[in-house]
Amino acid sequence: MGRLTGLFLVLVLAWETRGLDFIIEDIPEDLDEWLDFEMDGFVSQSAQRNGRYQRSITTADDSGEVVRGDDDIILHSYKVQSVITSRLANTMVQSKVANAAKYPQNLVFDVQIPKGAFIHNFTMNVNGITFTSSIKEKSEARSQYAQARAKGKTAGILRSNALDMENFKAELNVPGGTKVQFEIHYQETIRRKLSSYEHIIPVQPGRLAKHLEVDIRIVEPQGINFVHVPNSLGDEFSDVTTVTKGEKKAHVSFKPPVALQRKCPTCSSTTIDGNFVVTYDVVRDTKAGELEIFNGYFIHYFAPENLKPLPKNILFVIDVSGSMWGMKMKQTVEAMKTILGDLRSDDQFSILDFNHNVRAWRDGLVHATKSETEAAKKYVEGIHPNGGTNINDALLRAIFILNEANKVGMLDPNSVSMIVLVSDGDPTVGELKLPTIQKNVKKTIQEDTSLFGLGIGFDVDYDFLKRLSVENNGMAQRLLGDKETSSQMKKFYHQISTPLLKKIEFNYPQGMVSDVTHNSFQHYFGGSEIVVSGKVDTASTQHLQSIITATASNAELVLETLADSEGLDEFLSKDKHADPKFTEKLWAYITINQLMAERNLASTAALKRNITKRILQMSVDHHIVTPYTAMLIENPNGDELMLADSPRDNKRACCPGALAVGHPKPENSIPLWAKSTSMPKEPFSLLKGPTAAAIHAGSLIIGQAVTDNSIPSWVRPTPKPGGPLAVVMGPTLSTIRAGSLLLGQPLPGNSTTSVGQQTKKSSGSGIHAVDNDPHFIVNLPRQQKNICFNIDSKPGAILNLVSDAESGIAVNGQLVGAKQAVNEKLQTYFGKIGFDFRKKGVKVEVSTEAITLMDGSSNTSLSWSDTGRIIRRRLLIIVNRNSNVTIVVNGNTTFMVLLHRVWKKHPVNVDFLGIYIPPENHFSPSVHGLIGQFIVEPAVNIYNERPGQDPEKPEATMEVKGHKLTVTWGFQKDYRVDRKAGIRVQCWFVHNSGKGFLDGLYQDYLVPTLYSVLQWP
């Protein structure tokens, strides 16, 4: 068949206001044959007859109202189908259109692509001939294009000067009677903002459609909390939108008839021109997030709630140059008045406005009291825009104010510092080179300060704002600059107004994961979500554990979760709509976006080239259009070839967005006052902390024996000297998933008291512990006390620690003696600890050599040199090499056994174990044992503090359980953080092996075997 050269083709990929052309030249030699085609149906496939393509044998539904426009163009069908699988949306837009006239004219396919989405497929079917697309590396695509041109084949080229594409437009000039089907596919992640996910689908058919449909499927393994479809296209369409919601699936359908599409009963134009919006959120049971594993990839979603906000130190830097006059300034002032009123009382703030000069409302930060915020509102109301734009000095002044406040100790260590820049244009005064401004900011800003950029209108270099923000722990957004600017600005502020956590790090087991996306983040804002993804070796592991560390308003958090590597297989395999490659696609999407951001910020040309190579390879592998790839569009024979290209922007300097025009400026554009408090910083990293190349650097290392940092989250609170309680939450399970566990850990030095004080508050371990030879620590969290005692018994004796017949749990420890006595006393330690989970029919023995799970006649063991996990009947055992073992029962009862290794040739000491039991464990009210009896906290009254024989150890009288005891102020050791030296835990010490504090004598707790249940009256 002759080539399809009779079609005048224009493809346009546009970003914002910039557009590009694609033109196929020549006139078809077989135009008459094309005009003879029957046009009663759309082509669904191509077949050959005598070397030529046959027309389609399928027919379109011509029933219903007439939709032919005045231009004799008929839009037979306009369909949008979107499937969201665990926040990854795959969207297809399809248009079937015909030229019913007897003369050539243009058929247009104009689609809005959400910013940040990746196009991965485009096809055209023209009278039975299907043009398909492929993604190629640019040089390869250009080479094929050049070869096609050299051989006389039909070829065209599309070029873009933009790095982002928001519009896709295909325009075909076709003969009368031609029918065309356009179809584009793109994917995007649905971001969580303001506590919900918002999926926006532009619906702009351009004319009446015989069949118009928007079909959205939501598949969320985590569970769907709610689905809402606002009437964004108009209230008249509320009755044609249907929403069906299940536990983990939802379906949204929008099918307006032609009559409802008309602007008026007799109009031939459509009223549908806008965004179809779906909002939803998922079910969240734990603060540790949702860890999903499927097809060799994992996705970790983290969106904790119900945390106290961190205080903010916020500086608003507002452009008041002449270009802001009118609507822009009016909308900005309106938004600022609302924002200032929303500041919390523990926030600190100030306002800088700038044109050619920089003016500060206050020279330093002030607390957001009612009087100060009202004064700030009056200040912004009095702003009158004029003059030029000096962005460099404005930002450096804001950074200087924050740095000085930090230097003099004005900032809460747990607060979040941020700068919000609002501007509508590029600099015209002072430093004009955008790369230099970017470098100046990076040199002076503190690494934990976030910079957010709001660009108003289309005169501002949004690429520059985006780079500037991302490089400094923030984000950017473009505002339209119209009457919606105020609401857009307020909505943006609300996204960042509630910082809940800072310094968040995600840790995963070494050897089990690879190619992990950024796993260290400076801040987490309420209502948003952090997503980490990577590859996981599902062939060699059944479960994946993660530990998250973070700083909250009054605590250091350590959150742990565990996921079954096959937990989603059954659910997703049964759902015909779910994308089976959603984990892989989402990982690729996140990775490519992060690589592009890193490339923009690369410090050397070599680093930039290396990053570009990775982007190119991933783009080709995953069939994604990026600024560094090209899309080839060709017919089945390959004799019509089109190239969608995005070449380098030669107008820009070192990086996209650079502008080097305007008034000259001295080379040194950092004022002396801005340098005065600048501090040396570590080499720049896009996101502070581990990268994909070194994901295990951080506060926790799982599966390594080189340090003592591999203790599970609930037994390893991060010390915060001089700070508030450290809160530890976890572990949680998915298929074997459990709830969270909350423990309090006041840290050393927080509760020291002098002898002369009336009442001493113990610095608590926040956990019941038995360690060393053996020392018991009983935590009384309600009364903020720790009570300690020792047990002196003989080697071989077995002590009952917990006995809960109703729950079917018994925990016993067997003593082992030192190698020899010291000062005629033989020290004893726990050498074995046995756990009997009677209702599950399993036992666990932990010795200094191995960890063994016994299930009837079947035993499964791990040595202390192993790192692994055993799961049986909702009982989870996690072994961290040469460190500890964690046992989780049904997700709500947890035990941790700590291993103490000593020098094998030590003349006295032996290896021994310590056990830590959270007081929040779920036992029955009848639980007993040396530790179990204190799960229900007894009333303890300590009074009459007085000097003791040792001046450092005062004495007091303690009333408990009807007894009056003399107790001594002292300390024991908590080895969870430091297994070698331990951390001092201040407590009141009960003498005589706990006599009077215990029910009965310690001898009453001796049992015959390691798995015996204590028989208590």
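Definitions and cut-offs
Residues numbered from 1 in each chain as written. Predicted model: local features only at pLDDT ≥ 70, side-chain atom pairs only at ≥ 80, totals over all residues. Heavy atoms only, no water. Helix = DSSP H or I, 4+ residues; strand = E, 2+ residues; numbered from the N terminus. Buried < 20%, exposed > 50% of the residue type's maximum accessible area, 1.4 Å probe, protein only. Contact = heavy atoms within 4.5 Å. Areas by Shrake-Rupley, 256 points an atom, 1.4 Å probe, with all protein chains shown as cover. Core = buried A, V, L, I, M, F, W, Y, C linked by side-chain atoms within 4.5 Å. pLDDT = per-residue confidence, 0-100. Disulfide = S-S within 2.5 Å. Pairing = 2+ DSSP bridges. Axes fitted to C-alpha atoms, helices over the stretch in contact; angles between N-to-C directions. Parallel < 35°, antiparallel > 145°, perpendicular 65-115°, else oblique. Nonpolar A, V, L, I, M, F, W, Y, C, P; charged D, E, K, R; others polar. Polar contact = N/O pair within 3.5 Å; in protein donor to acceptor, adjacent residues only side chain to side chain.

### Looking at the overall build of the protein
Working step 1: Per the secondary structure count, the protein includes 14 helices and 55 strands.
Working step 2: Residues classed as buried in the protein amount to 59% of the 1017 residues present.
Working step 3: In the protein, once contacts between residues fewer than 6 apart in sequence are set aside, the share between residues at least 24 apart is 68%.
Working step 4: Counting every atom, the protein has about 41,000 Å² of accessible surface; 49% of that belongs to carbon and sulfur.

### So, the nonpolar core
Working step 1: Grouped together as the largest cluster of nonpolar side chains are 64 residues, with contacts concentrated most on Phe 835, Phe 837, Val 844, Ile 877, Met 958 and Phe 997.
Working step 2: If sequence neighbours within four positions are ignored, Val 844 has contacts with Ile 833, Gly 834, Phe 835, Phe 837, Ile 851, Thr 852, Leu 853, Met 854, Leu 875, Ile 877, Ile 887 and Tyr 1011.
Working step 3: Residues Ile 84, Ile 224, Val 227 and Met 631 belong to the second largest nonpolar core, which totals 54 residues.

### A short note on the confidence of the model for the protein
One rule of thumb: low pLDDT means the predicted coordinates there are not for detailed reading.
Working step 1: Summary statistics for the protein give a mean pLDDT of 79 and a share of 78% for residues scoring 70 or more.
Working step 2: Between residues 156–165, whose pLDDT stays under 50, and residues either more than four places distant or in other chains, the model counts 46 contacts.
Working step 3: Here residues 676–759 is modelled with pLDDT under 50, and outside its nearest four sequence neighbours on either side it reaches 257 contacts, counting other chains as well.

### As for the state of the cysteines
Working step 1: In the structure shown here, the tally under the stated rule is two disulfides.
Working step 2: Note on cysteine connectivity: Cys 264 is disulfide-linked to Cys 267, with sulfurs 1.7 Å apart. Judged by the sign of its S-S torsion, about 100 degrees, the cystine formed by Cys 264 and Cys 267 is right-handed.
Working step 3: Here Cys 788 is linked by a disulfide to Cys 987, with a sulfur-sulfur distance of 2.1 Å. The chirality of the disulfide connecting Cys 788 with Cys 987 is left-handed, given an S-S dihedral of about -120 degrees.

### Re the sheet that holds strand E29 (residues 513–514)
Working step 1: Spatial strand order, E19-E20-E31-E29: four strands in an open sheet with antiparallel pairing. Of all strands in the sheet, those with a lone pairing partner are strand E19 (290–294) and E29, marking the two edges.
Working step 2: Pairing of strand E20 (residues 297–302) with strand E31 (residues 530–536) involves six bridges; the strand directions are antiparallel. Within the sheet, the bridge partner assigned to Tyr 297 lies in E31 and is Lys 535.

### A word on the sheet that holds strand E12 (residues 192–193)
Working step 1: Spatially, E12-E13-E18-E15 is the arrangement adopted by the four strands of the open sheet, whose pairing is antiparallel. Because the sheet does not close on itself, it has two edges, and the strands there are E12 and strand E15 (224–228).
Working step 2: Examined bridge by bridge, E15 and strand E18 (residues 274–282) share four bridges and lie antiparallel to one another. Across the sheet, the residue bridging to Ile 224 is Val 282, located in E18.

### Thoughts on the pairing of strand E21 (residues 312–319)
In regular strands, side chains alternate between the two faces of the sheet.
Working step 1: Within E21, eight of the eight residues are buried, which leaves the element mostly enclosed by the surrounding structure.
Working step 2: Of the two faces of E21, the one holding Lys 312, Ile 314, Phe 316 and Ile 318 and the one holding Asn 313, Leu 315, Val 317 and Asp 319 are both buried throughout.
Working step 3: Inspection of the sheet shows E21 paired to strand E25 (residues 416–423) by seven bridges, in the parallel sense. The residue bridging Val 317 from the neighbouring strand is Leu 421, located in E25.

### Remarks on the packing of helix H6 (residues 391–407) against helix H7 (residues 434–444)
Working step 1: As a packed pair, H6 and H7 sit with axes 10 Å apart at the nearest point and diverge in direction by 5 degrees. In terms of their interaxial angle, H6 and H7 are classed as roughly parallel. Seen from H6, the contacting residues are Asn 392, Leu 395, Leu 396, Ile 399 and Asn 403; seen from H7, they are Ile 437, Asn 440, Val 441 and Thr 444.
Working step 2: Counted by class, the contact of H6 with H7 contains five nonpolar, four polar and no charged residues.

### A word on unusual backbone geometry
Working step 1: With phi around 55 degrees, Asn 295 is a residue other than glycine that occupies positive phi space.
Working step 2: For Asn 295, the location among the structural elements is in the loop between E19 and E20.

### Considering helix H8 (residues 462–471)
Working note: α-helix, 3.6 residues per turn, so residues spaced by three or four point in the same direction.
Working step 1: Where burial is concerned, most of H8 is hidden: eight out of the ten residues are buried.
Working step 2: Regarding H8, the residues found buried are Tyr 462, Asp 463, Phe 464, Leu 465, Arg 467, Leu 468, Ser 469 and Glu 471.
Working step 3: Those residues of H8 hidden inside the fold are in contact with H6, E25, H7, strand E26 (449–456), strand E27 (476–479) and helix H11 (582–600).
Working step 4: If you check the start of H8, you find a side-chain oxygen 3.2 Å away from the backbone N of Asp 463, and it comes from Asp 461.
Working step 5: Positive backbone phi, at 60 degrees, marks Asn 473, one or two positions downstream of H8.

### Overview of the environment of Val 985
Working step 1: Position of Val 985 relative to the elements: it lies in strand E55 (residues 983–990).
Working step 2: Note on Val 985: relative accessible area 3%, which makes it buried.
Working step 3: On a C-alpha basis, the gap between Val 985 and Asn 786 in space is 8.1 Å, while along the polypeptide they are 199 residues apart.

### Overview of the side chain of Asp 974
Working step 1: Mapped onto the elements, Asp 974 comes out in strand E54 (residues 963–974).
Working step 2: Within polar-contact distance, the side chain of Asp 974 engages the side chain of Arg 976 at 2.7 Å.

### Considerations on the side chain of Asn 800
Working step 1: Mapping Asn 800 onto the fold places it in strand E41 (residues 798–804).
Working step 2: Among all residues touching Asn 800, those that are not within four sequence positions of it are Val 811, Asn 812, His 928, Gly 929, Leu 930, Tyr 1005, Val 1007, Ser 1012 and Leu 1014.

### Regarding the environment of Gln 477
Working step 1: Relative to the assigned elements, Gln 477 resides in strand E27.
Working step 2: Apart from residues lying up to four places away in sequence, Gln 477 is in contact with Gly 453, Leu 454, Gly 455, Tyr 462, Gln 488, Phe 492 and Gln 495.

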